[in-house]
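Structural features, examined
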Amino acid sequence: MANDPNQESYVRRVLEETREYERRLREDNESLRELVATLECERIALRKRVEELEAGVTQQLTEMSTLRERLTAQVNANLKSTEQQLAIEQQNTNLANLYVASYRLNGALDRAEIVDAIREIVINLVGCEEFALLEPDHGGAWKVCSSMGLPEDFLARMATPESPLAGHLESRRLHVTDPAVLSVDELDLSRPTACVVMSVGDEAVGAVAMYRLLPQKSGIEPLDREIFDLLAANAAMALYRVKLQEQVKGVQ
Amino acid sequence: MTQRKKILLVDDSSTVLMVEQMILRNSPFDILIARDGEAGFETAVKERPDLILMDVMMPRMDGFDALREIRAHEEIKDTPVIMVTTRGEGVNIETGYTAGCNDYVTKPINGSELLSKINNLIGS
């Protein structure tokens, strides 16, 4: 059977077209393979970059955390240092007050100067403008020799044996009312903020009875107690010294 | 070389003057002293201090009058003045500010508070 030329031509054309199609498919496939490889490379590179960035972020977060810890430690150290500085300044002020009180009492040459020093200490260092300075007479009875801010009838009753103050004076011990009597409280003879008895050995040479504190004072502070102790010791010695001087002058 | 700043302490109480001097002892200021308001005003005119610590209750001229004199004097009217008051009640403080004070401290003097107020007004 002879071949039909048209049919043969058709088959050849289909074969060629199929080959061409196959060739294009191979090319496309190759292109896609290359594209996939490129994309895979890019993906790997990007993944690496992401990992690097993530490591960088982690490192930065760690550094930030360390810095934050160091900053907190520094702030705490600064606070502590400031507190210490304030405490030292407060201690310096306290020492200055005690030094000045001691200096004034020991530097006083006569009774008037001692009384003046005691008054200034009570007003300016303790912060009380309602007080009386008492001294015993030869018979042992107490009398007011100087005062500030207290009414006359109050002063008249203060040194009597029936006075609530008599017990504190007789005890020869420091009496402190705690909580202290403040400016807003009522003035009460039986409630002195402090009664400092100044004595040398068994002999009482004077006493300071302090009543309401100044408005800016919220109570008795440790420094106040130290000033009371200092008054009890140094003012006592100063008054005793003057008393001896007066006795010597009397003999001469 | 810069000149050291001067602080004038005006108080009739030797105790307070000593305490103030001790508080300021380690500070970089030269200290001047006057014992009443009148002497304080005269010293301020003569010495031109950088700051004045002025007590209220004083003989001859009290702290408020001395402060008014200072504020009325052309050459020293701008000098910062800290009033040192025994009583920290509102009326006293108001009188101080009306007279022209810049700040105030109450007795017993707190060293840290005083130094802080001085530094606020004239630096250390």
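Remember, predicted model here, so these are calculated numbers, not experimental data. (Residues numbered from 1 in each chain as written. Chains lettered and ligands numbered in written order. Predicted model: local features only at pLDDT ≥ 70, side-chain atom pairs only at ≥ 80, totals over all residues. Heavy atoms only, no water.)

Some details on the environment of R26 of chain A
Residue and element names in this part refer to chain A. When you line up the elements, R26 lands in helix 1 (residues 5–107). The exposure class of R26 is exposed, given its relative accessible area of 56%. For the pair R26 and E51, spaced 25 residues apart in sequence, the C-alpha to C-alpha distance is 36 Å. (Helix = DSSP H or I, 4+ residues; strand = E, 2+ residues; numbered from the N terminus. Buried < 20%, exposed > 50% of the residue type's maximum accessible area, 1.4 Å probe, protein only.)

A closer look at the domain arrangement of chain A
As assigned here, chain A comprises domain 1 (1–79) and domain 2 (108–251). When each unit is reduced to the centre of its C-alpha atoms, the spacing between domain 1 of chain A and domain 2 of chain A is 96 Å. (Domains from an automatic or database assignment.)

A closer look at the sheet that holds strand 2 (residues 29–34) of chain B
Residue and element names in this part refer to chain B. Sheet architecture is open: 5 strands sit in the order 2-1-3-4-5, paired in parallel fashion. Among the strands making up the open sheet, the edge pair consists of strand 2 and strand 5 (103–106). Between one strand and the next, the sheet's axes are offset by a mean angle of 20°, whatever the strand orientation. With 4 bridges joining them, strand 3 (residues 51–55) and strand 4 (residues 81–85) adopt parallel strand pairing. Following the sheet pairing, L53 is matched in strand 4 by I82. Relative to strand 5, helix 5 (residues 111–122) is tilted by about 170°, and along the sheet it contacts strand 1 (5–10), strand 2, strand 3, strand 4 and strand 5. (Pairing = 2+ DSSP bridges. Axes fitted to C-alpha atoms, helices over the stretch in contact; angles between N-to-C directions. Contact = heavy atoms within 4.5 Å.)

Some details on the packing of aromatic side chains
If you walk through the whole model with that rule in mind, you get 3 aromatic pairs over all chains. Relative to Y211 of chain A, the ring of F154 of chain A lies with its centre 4.9 Å away and its plane at 85°, an arrangement referred to as edge-to-face. Residue F154 of chain A is found in helix 3 (residues 152–158), and its partner Y211 of chain A is found in the loop between strand 5 (203–210) and helix 5 (222–251); the two are separated by 57 residues along the sequence. Note that K117 of chain B overlies the ring of Y104 of chain B, its terminal NZ or CZ placed 5.1 Å from the centroid. (Phe/Tyr/Trp six-rings, centres within 6.5 Å; stacked < 30°, edge-to-face > 60°. Lys NZ or Arg CZ within 6 Å of the ring centre and 35° of its normal.)

Considerations on the interface of chain B and chain A
Contacts between the two partners involve 22 residues from chain B and, on the opposite side, 21 residues from chain A. Carbon and sulfur atoms make up 61% of the surface buried where chain B meets chain A, a total of about 1,700 Å² over both sides. Three residues stand out in chain B for area buried against chain A, namely T15, M18 and P108 of chain B, and they jointly supply 31% of the buried area on that side. Across the contact surface, chain B and chain A share 0 salt bridges. The tally of links from chain B across to chain A stands at 11 residue pairs in polar contact (both at pLDDT 80 or more). Going through the elements one at a time, helix 1 (14–23) and helix 5 of chain B are the ones with two or more residues in the side of chain B that touches chain A. Considering every element that reaches the side of chain B that touches chain A, the biggest residue donor is helix 1 of chain B, with 7 residues. Residue composition of the side of chain B that touches chain A, by class: 8 nonpolar, 10 polar and 4 charged. (Buried area = accessible area lost by both parts, 1.4 Å probe. Salt bridge = Lys/Arg side-chain N within 4 Å of Asp/Glu carboxyl O. Polar contact = N/O pair within 3.5 Å; in protein donor to acceptor, adjacent residues only side chain to side chain. Nonpolar A, V, L, I, M, F, W, Y, C, P; charged D, E, K, R; others polar.)

Points about unusual backbone geometry
Residues and elements named next belong to chain B. In the segment running from K107 into P108, the intervening peptide bond is cis, with an omega of 0°. Mapped onto the elements of the fold, P108 is located in the loop between strand 5 and helix 5. Phi at R48 is positive, roughly 45°, even though this residue is not glycine. Looking at the element boundaries, R48 is found in the loop between helix 2 (37–47) and strand 3. Taking relative accessible area as the criterion, R48 reaches 39% and is therefore assigned partly exposed. Of note in the backbone geometry, R60 takes a positive phi value of approximately 65° without being a glycine. Relative to the helices and strands, R60 is located in the loop between strand 3 and helix 3 (63–72).

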